[in-house]
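Listed below are the residues making up each chain.
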Amino acid sequence: RELLAAAGVAFAVEVADVDETPRAHEAAEAYAARVAREKAVTVAERRPGALVLGADTVVVVDGAILGKPLDAGDAQRMLVRLSGRAHEVLTAVAVARDRHVTARVEKTVVTMREISESEAAAYVASGEPMDKAGAYAIQGGASAFVTAISGRLDTVIGLPVPVALDLLTEYGESYSGS
């Protein structure tokens, strides 16, 4: 939300309840783009003529998609899996008006230092990772785990703003930032 507001985009948040289960053999990039499109189209169908932006972020390690953790144990397992290595963060952005939708995916590589079991447990206990892909918020407490980023930070946060603005511009909107 803060990313769009900082870019000078006026918006309202409306939740799109879509099934975020990956399909069998669905590649991570295709999965993220599909979910972002479904979110945008779901809301666009409720708001005829409105310009709707949807996004979805996934973490990918060893070819596996890490979405939001199911529970604290799942969050702990995800953090241990990401510990001491690099992974990809993919954020798909989709813009829809009625049934017309366009989507793009941005990728950033994040490297984390070794995270001890106790550090992971304390972070999970904070509650912060429970609604985050890969069980971490880079703009929050997990920033202490990150040693390198190759790509855009806003992709990891959940919305690559230049991509969003480009897509909105394709639909006739104009933004100069603020």
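Look above for the structure.
Right, let's walk through the structure included here.

## So, the environment of Pro160
- Examined against the element boundaries, Pro160 turns out to sit in the loop between α5 (153–157) and α6 (161–170).
- Expressed as a C-alpha distance, the spacing of Pro160 and Ala55, which sit 105 residues apart in the sequence, is 9.4 Å.

## Things to note about the nonpolar core
- Ranked by size, the top nonpolar core spans 23 residues in total, and within it Val59, Leu79, Leu82, Val110, Met112, Tyr123 and Tyr136 carry the most contacts.
- Elements with a minimum of two residues in this core: β1 (51–61), α3 (72–82), β4 (100–112) and α4 (117–125).
- Among the elements that line this core, the one with the most residues is α3, at 4 residues.
- Ignoring sequence-local partners within four residues, the contact set of Val59 consists of Ala64, Ile65, Leu66, Leu82, His87, Glu88, Val89, Ala133, Gly134 and Tyr136.

## Describing unusual backbone geometry
- A positive phi angle, near 55 degrees, is found at Asp98, a position not held by glycine.
- Relative accessible area serves as the criterion here: at 36%, Asp98 is assigned to the partly exposed category.
- Of note, Ala135 is a non-glycine position whose phi angle comes to about 65 degrees, a positive value.
- Secondary-structure assignment places Ala135 in the loop between α4 and β5 (146–150).

Conventions and cut-offs
- Residues numbered from 1 in each chain as written.
- Predicted model: local features only at pLDDT ≥ 70, side-chain atom pairs only at ≥ 80, totals over all residues.
- Heavy atoms only, no water.
- Helix = DSSP H or I, 4+ residues; strand = E, 2+ residues; numbered from the N terminus.
- Core = buried A, V, L, I, M, F, W, Y, C linked by side-chain atoms within 4.5 Å.
- Buried < 20%, exposed > 50% of the residue type's maximum accessible area, 1.4 Å probe, protein only.
- Contact = heavy atoms within 4.5 Å.

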